[in-house]
Amino acid sequence: PETLVVELTRLHRRTPGAASNRHQNGLERRHFTDATGWLATAIATALGCSVCVAPRCRFVEYRPGAEMRPHVDLAKSVGWWIGGDAATTHTWIIYLSSIPAGGGGTTAILANLDGTGVLDAVHPERGKLFVFPHRTPHAGRPLLENDDIQTKLIVRGELLFAEKGGSLLTPS
C-alpha cells in the first residue's frame, strides 16, 4: 500500500549512504536493518503467506545511465530465525518510484549471465512488489537520460518461504 511506500521513502531519506560506495557506477546503496520486523510483516501480508525475511535490506538508487550488470543473488543465512542451516532462496524488490514507459530502468529476467536472452522485463511501478529465485539471472537495465526522470529507487532484500520451526512453504 501507499503508506508503506511513503514510510520506506522517508526511511531512505534518513539513511546515510556508505561513503565507500556513494554513486558507484551511478548507483547509490544505503543499508538498513528491519529490526522490528515491520517491513517483513508487510511483505508477508502482500504475499499472503508466512515468509522469513532477512532483516538486512538495501535501498538502491539509480541515476540516469546507471545499470546493474547481469548477476544472480546470494543466499543469506536465516538459521537464527527458523533453526538449522536455513538460507534465503528468493530476492524481493519493492519499487519506490515509477518510470514512464520508454524511460528504461526495467529489471530484466535473463536466460543467462552474458546479458542476452531476455525472458521478461519488470517495469518499475511505485509500490510494486517483485519476488524471484536467487538463481535467476537478472539485470537492472539503464535508466534513460530524460528531463522527466530523475532517479529510480528500489528497496530490496532476501526471503525464504518458511514458517518458524523450519516448515518450508511452497510459494503460491
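Placed above this text is the structure.
About the criteria used
- Residues numbered from 1 in each chain as written.
- Predicted model: local features only at pLDDT ≥ 70, side-chain atom pairs only at ≥ 80, totals over all residues.
- Heavy atoms only, no water.
- Helix = DSSP H or I, 4+ residues; strand = E, 2+ residues; numbered from the N terminus.
- Expected span 1.5 Å × (residues − 1).
- Buried < 20%, exposed > 50% of the residue type's maximum accessible area, 1.4 Å probe, protein only.
- Arc of directions from axis to C-beta.
- Contact = heavy atoms within 4.5 Å.
- Pairing = 2+ DSSP bridges.
- Axes fitted to C-alpha atoms, helices over the stretch in contact; angles between N-to-C directions.
- Lys, Arg positive; Asp, Glu negative; His and termini not counted.
- Salt bridge = Lys/Arg side-chain N within 4 Å of Asp/Glu carboxyl O.
- Polar contact = N/O pair within 3.5 Å; in protein donor to acceptor, adjacent residues only side chain to side chain.

A.B. asks: Kindly report on helix α1 (residues 2–14), identifying the contributing residues and their values.
C.D. replies: Along an α-helix, residues three or four apart share an orientation, since each turn contains 3.6 residues. For α1, which comprises 13 residues, the first-to-last C-alpha distance of 19 Å matches the rise-based estimate of 18 Å (1.5 Å per residue) to within 8%. Within the span of α1, buried status applies to Leu4, Val5, Leu8, Thr9, Leu11 and His12. One side of α1 holds all its buried residues, which, seen down the axis, span an arc of 160°. Exposed positions of α1 whose direction lies more than 90 degrees from the buried face are Thr3, Arg13 and Arg14. Looking at the buried residues of α1, the elements they touch are β1 (27–33), α2 (38–47), β3 (56–62), β5 (90–95) and β10 (152–160).

A.B. asks: Account for the sheet that holds strand β6 (residues 107–110), with residues named and values stated.
C.D. replies: Here four strands make up an open sheet; going across it, the order is β4-β9-β6-β7 and the pairing antiparallel. Among the strands making up the open sheet, the edge pair consists of β4 (68–71) and β7 (118–122). Here the average twist between neighbouring strands, direction ignored, is 15°.

A.B. asks: Got a sec to walk through the side chain of lysine 152? Specific residues and values, please.
C.D. replies: Relative to the helices and strands, lysine 152 is located in strand β10. Of the side chains with opposite charge, glutamate 67 comes closest to the buried, unpaired lysine 152, at an N-O distance of 10 Å. Only 2.7 Å separates the side chain of lysine 152 from the backbone oxygen of glycine 105, close enough to count as a polar contact. Among residues more than four places away in sequence, those in contact with lysine 152 are Val60, Glu61, Tyr62, Ser97, Ile99, Gly105, Thr106, Thr107, Pro124 and Leu143.

A.B. asks: Could you give me a rundown of α2, with the residues and numbers involved?
C.D. replies: Along α2, the residues classified as buried are Leu39, Ala40, Ile43 and Ala44. Projected down its long axis, α2 carries its buried residues within an arc of 135°, all on one side. Counted as exposed and oriented over 90 degrees from the buried face of α2: Thr41, Thr45 and Ala46. Immediately downstream of α2, the backbone of glycine 48 shows phi near 75°, a positive value.

A.B. asks: Help me get a handle on the pattern of salt bridges, residues and values and all.
C.D. replies: Under the defined criterion, the tally for this structure stands at nine salt bridges. The shortest N-O distance in the salt bridge between arginine 30 and glutamate 28 comes to 3.0 Å. Given a relative accessible area of 12%, arginine 30 falls into the buried group. When its relative accessible area of 2% is taken as the criterion, glutamate 28 is described as buried. Between lysine 76 and glutamate 158 there is a salt bridge, and its shortest N-O distance comes to 3.7 Å. Placement of lysine 76 in the loop between β4 and α3 (79–82) and of glutamate 158 in strand β10 is noted, with a sequence separation of 82 residues between them. The exposure class of glutamate 158 is buried, given its relative accessible area of 1%. One salt-bridge network, in which partners are shared between bridges, spans Arg58, Asp73, Lys76, Arg156 and Glu158.

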